[in-house]
Amino acid sequence: DAGVTQSPTHLIKTRGQQVTLRCSPKSGHDTVSWYQQALGQGPQFIFQYYEEEERQRGNFPDRFSGHQFPNYSSELNVNALLLGDSALYLCASSLVGHVNTEAFFGQGTRLTVV
Amino acid sequence: ELKVEQNPLFLSMQEGKNYTIYCNYSTTSDRLYWYRQDPGKSLESLFVLLSNGAVKQEGRLMASLDTKARLSTLHITAAVHDLSATYFCAAQSTSGSRLTFGEGTQLTVNP
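All figures in this text were calculated on a predicted structure; none of them were measured in a lab. The written sequence of each chain sets the order in which its residues are numbered from 1. Following the order in which they are written, the chains are lettered starting with A and the ligands numbered starting with 1. The model is predicted, so local features are restricted to residues of pLDDT at least 70 and side-chain atom pairs to those at 80 or more, both for listing and for counting; the totals for chains, interfaces and linings are taken over all residues. With hydrogens and water excluded, all non-hydrogen atoms of the structure serve as input to the side-chain values.

**What about the overall build of chain A?**
Part 1 of the argument: Helix and strand counts for chain A stand at 0 helices and 11 strands.
Part 2 of the argument: Each helix corresponds to a stretch of at least 4 residues labelled H or I by DSSP, and each strand to a stretch of at least 2 residues labelled E; elements are numbered beginning at the N terminus. Listing every helix and strand of chain A by position from the N terminus yields β-β-β-β-β-β-β-β-β-β-β.
Part 3 of the argument: Just to be clear, the radius of gyration here is over C-alpha atoms, and the globule rule we use is 2.2 Å times residues to the power 0.38. Rg of the C-alpha trace for chain A: 13 Å, near the compact-globule value of 13 Å for 114 residues, within the 12% margin.
Part 4 of the argument: In terms of principal-axis extent, the alpha carbons of chain A reach across some 40 × 25 × 25 Å.
Part 5 of the argument: Remark: exposure states derive from per-residue accessible area (1.4 Å probe, protein chains only) relative to the maximum for the residue type, with buried under 20%, exposed over 50%, and partly exposed in between. Split into buried and exposed, the 114 residues of chain A put 48% on the buried side.
Part 6 of the argument: Contacts between residues were defined by any pair of non-hydrogen atoms, one from each residue, lying within 4.5 Å. Once local pairs closer than 6 in sequence are excluded, the contacts in chain A between residues at least 24 apart make up 53%.

Written out as structure tokens, the structure is:
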């Protein structure tokens, strides 16, 4: 079992550009959540995808959008990048059913905006 | 809205000493997680606590959960330098699997 995998591991982008981050959930999981962790802070919930729809959303602007594919993998897109978007982006997968299961995290994507 | 508070935020300990990190959360939660994070790395899961009175131990770390007080603790016994890292607690909401994290406790264990 490969666990949760994210790509790329590191990324450097210029202000104003757009970026796409990818996440493959742990085998058997159907839900993907994205978190942003700025330096020195705890992870902040961006949004969660289940059945290819955004199910919950945190306090992030519309520049942050996502998608979930039929195979449960997910993408996080950020448009019009700002310097403040520099952070570690973490993906977590879980199985949502009658009882929520434990969330497992990927290794993260370090995004630097210059 | 679920809120999670950790204290202390910074902890400097001597090797061999004991200490406790506290995690308070504001509303009912399905699960309470403890994670370790080394600089530049992702989150390493330490413990998942499900029910009131749950206690789990791994090596020098022990976590407990009191759902009535909405309090979890992470106790460090006889600290060693290798435990130096940032520790996060996170509460999982009862509606969906969203996690709300505390600010983290940066632990430094000095020889």
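**Some points on the nonpolar core**
Part 1 of the argument: Within the largest apolar cluster, 25 residues are counted, with the highest numbers of intra-cluster contacts made by L32, W34, L74, I76, Y87 and L107 of chain B.
Part 2 of the argument: Only strand 2 (10-14), strand 3 (19-25), strand 4 (29-37), strand 5 (43-49), strand 7 (61-66), strand 8 (71-76), strand 9 (85-93) and strand 11 (105-110) of chain B provide two or more residues apiece to this core.
Part 3 of the argument: Considering each element in turn, this core owes the most residues, 4 residues, to strand 9 of chain B.
Part 4 of the argument: Beyond its immediate sequence surroundings of up to four residues, Y87 of chain B is in contact with Q6, I21, Y35, R36, L46, L61, L74, G104, T105 and L107 of chain B.
Part 5 of the argument: Counting residues in hydrophobic clusters, the runner-up holds 20 residues, among them V32, W34, Y89 and C91 of chain A. Buried Ala, Val, Leu, Ile, Met, Phe, Trp, Tyr and Cys residues that are joined via side-chain atoms within 4.5 Å together make up what is termed a nonpolar core.

**Notes on the sheet that holds strand 8 of chain B**
Residues and elements named next belong to chain B.
Part 1 of the argument: One bridge is not enough; two strands pair if DSSP finds at least two bridges between them. Pairing is antiparallel in the open sheet, where 5 strands are placed in the order 1-3-8-7-6. The sheet is open, and its two borders are formed by strand 1 (4-7) and strand 6 (55-58), each paired with just one other strand. Taking the axes of each pair of neighbouring strands and ignoring which way they run, one obtains an average angle of 15 degrees across the sheet.
Part 2 of the argument: With 4 bridges connecting them, strand 6 and strand 7 associate as antiparallel partners. Only the contacting stretch of a helix is used when fitting its axis, a line to C-alpha atoms as for every element, and angles between N-to-C directions run 0 to 180 degrees.

**Structural notes on the pattern of salt bridges**
All names here are of chain A.
Part 1 of the argument: Salt bridge criterion: a side-chain nitrogen from Lys or Arg within 4 Å of a carboxyl oxygen from Asp or Glu. Counted according to the given criterion, the structure contains 5 salt bridges over all chains.
Part 2 of the argument: Across the salt bridge formed by E75 and R22, the nearest N and O atoms sit 3.4 Å from each other. Here the residue E75 occupies a position in strand 8 (residues 74-78), and R22 occupies one in strand 3 (residues 19-24), the gap between them amounting to 53 residues.
Part 3 of the argument: Judged by its relative accessible area of 17%, E75 is buried.
Part 4 of the argument: You can call R22 partly exposed: its relative accessible area is 42%.
Part 5 of the argument: The partner of D85 in a salt bridge is R63, with the nearest N and O atoms 2.8 Å apart. Of this pair, D85 sits in the loop between strand 8 and strand 9 (87-94) while R63 sits in the loop between strand 6 (53-57) and strand 7 (64-68), placing them 22 residues apart in sequence.

**Topic: unusual backbone geometry**
Part 1 of the argument: Along the chain, S7 of chain A connects to P8 of chain A via a cis peptide bond; the corresponding omega equals -10 degrees.
Part 2 of the argument: With respect to the helices, strands and loops of the structure, P8 of chain A is situated in the loop between strand 1 (5-7) and strand 2 (10-13).
Part 3 of the argument: A cis geometry characterises the amide bond from N7 of chain B onward to P8 of chain B, with omega recorded as 0 degrees.
Part 4 of the argument: By the element assignment, P8 of chain B lies in the loop between strand 1 and strand 2.
Part 5 of the argument: A positive phi angle, near 50 degrees, is found at E51 of chain A, a position not held by glycine.

**Some words on the interface of chain B and chain A**
Part 1 of the argument: Counting from both sides, the interface comprises 23 residues of chain B and, opposite them, 26 residues of chain A.
Part 2 of the argument: Of all residues in chain B, the largest losses of buried area upon contact with chain A belong to S42, S97 and R98 of chain B, amounting jointly to 32% of the total for that side.
Part 3 of the argument: Summed over the shared surface of chain B and chain A, the result is 0 salt bridges.
Part 4 of the argument: Polar contacts, as used here, are pairs of N or O atoms within 3.5 Å; protein pairs need one atom able to donate a hydrogen and one able to accept it. Residues neighboring in sequence count only if both atoms are side-chain atoms. Joining chain B to chain A, the criterion identifies 4 residue pairs in polar contact (both at pLDDT 80 or more).
Part 5 of the argument: When residues of the side of chain B that touches chain A are traced back to their parent elements, those giving at least two are strand 4, strand 5, strand 9 and strand 10 (99-101) of chain B.
Part 6 of the argument: Per element, the largest residue contribution to the side of chain B that touches chain A is 5 residues, and it comes from strand 4 of chain B. Buried surface area refers to the total accessible area, computed with a probe of radius 1.4 Å, that the two partners give up upon joining, counted for both partners together.

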